[in-house]
Amino acid sequence: MPELPEVESVARSLVSGQGVSKGILGQTFSKAVLSWNKTVALPSAASLKRRIPGQQVLGVGRRGKFIRIDLSNETILIHLRMSGDLILGHSEKALGKHSRLRFYFENGLQMSFNDPRKFGRVWLLEDPEEVLSKLGPEPLDSSLSPADFYERLHPRKRQLKALLLDQAFLAGIGNIYADEALHAAKLHPLRLAHSISRKQSNALFKAIQSVLEEGIRRNGASIDWVYQGGEFQNYFAAYQKTGEPCPRCATPIERMVLGQRGTHYCPFCQPAP
DNA sequence: CACGAGACCTGTTCGC
DNA sequence: TGCGAACAGGTCTCGT
């Protein structure tokens, strides 16, 4: 499910308390129950269960595709990978059919990490930078300028699509927003980064920011049964639009496989290198 | 450094 | 209707 806008939406729902009376800020954990051991990346399952009770939630945020929950003594990091979701609720039904890890709060509320495909991972760390320091910059951080983006892009000799998916290059972009950004910037996914002009780089940077911002504004994209509540899927220009007319020029959108990922583009607006 | 393939998993949809 | 193949928002590891 989740790329930056979807993860941002999930993080915000934890604060707003979507579907329940209030969010998790200020609440204190009473216990953690794990039903798929591999869900916990670090520390051991036993250590996590021992350390969670009594800790209070002081803050909720996002870095790249990670959700971070800052506690009294340490930080929880959650990566939803392909099919994860965080659900607040009280009933078994509300908390999801594939709940892999469940956090209980002292006031009776539960937070369920629901993850059908079991790819998602949770960390409990004294220093979250242990994991987060591998990430590239935040694409929506105002301290990242178009010039900075070009400086990162230009030395690289990779295909644009692969580079955008590389979390060490830029944090938070996934398959949907990579395709949408390249389409908006009129750049073919196979273009090599070092062949991109400064003007094209600026256009790409702007496109990345605008598709991510629109994604957030629409609470992310809900493509299939995994994640509900988003609306951005109704505004895709290229992603999963194979055979449908490009909204700019009406040429049918094409699909290719790149790095084992379905890649959608307009063969007219995004000329092949 | 760059690339492709295979792993990790389950659920849904597509083609015959 | 049934059944296998293909596909899905991600990332890690290994071989070339």
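Scroll up to find the structure this text is about.
Residues numbered from 1 in each chain as written. Chains lettered and ligands numbered in written order. Predicted model: local features only at pLDDT ≥ 70, side-chain atom pairs only at ≥ 80, totals over all residues. Heavy atoms only, no water.

Relative to the assigned elements, H183 resides in helix α6 (residues 175-184). Setting aside its immediate chain neighbours within four residues, H183 contacts A237, A238, C246, P247, R248, I253, C266 and Q270. (Helix = DSSP H or I, 4+ residues; strand = E, 2+ residues; numbered from the N terminus. Contact = heavy atoms within 4.5 Å.)

In the vicinity of DNA strand B there are 13 residues, among which K38, H98, R117, R156 and Q260 approach most closely. Of everything in DNA strand B that lies within 4 Å of the protein, sugar and phosphate atoms constitute 64%. Between P116 and DNA strand B, the recorded distance is 3.4 Å, taken from a backbone N or O atom to a sugar or linking oxygen. Contact between DNA strand B and K157: a phosphate oxygen at 3.2 Å from a main-chain N or O atom of the residue. Here the surface near DNA strand B is composed, by residue class, of 4 nonpolar, 3 polar and 6 charged. (Near = heavy atom within 4 Å. Polar contact = N/O pair within 3.5 Å; in protein donor to acceptor, adjacent residues only side chain to side chain. Nonpolar A, V, L, I, M, F, W, Y, C, P; charged D, E, K, R; others polar.)

Turning our eyes to something else, we now look at the environment of H79. Within the fold, H79 resides in strand β5 (residues 75-79). On a C-alpha basis, the gap between H79 and K65 in space is 6.4 Å, while along the polypeptide they are 14 residues apart. Excluding anything up to four places from it in sequence, H79 contacts K65, F66, F113, G120, R121 and W123. Separated by 3.0 Å, the side chain of H79 and the backbone nitrogen of R81 make a polar contact.

Our next topic: the sheet that holds β5. Whenever strands of a sheet pair, they do so through backbone hydrogen bonds, lying parallel or antiparallel. If you trace the 5 strands from one edge of the open sheet to the other, you get β2-β9-β5-β4-β3, paired in mixed fashion. For this open sheet the edge positions go to β2 (40-42) and β3 (57-63), each flanked by a neighbour on one side alone. Strand after strand, the sheet turns through a mean of 20° between neighbouring axes, direction not considered. Note: β3 against strand β4 (residues 66-71), 6 bridges, orientation antiparallel. (Pairing = 2+ DSSP bridges. Axes fitted to C-alpha atoms, helices over the stretch in contact; angles between N-to-C directions.)

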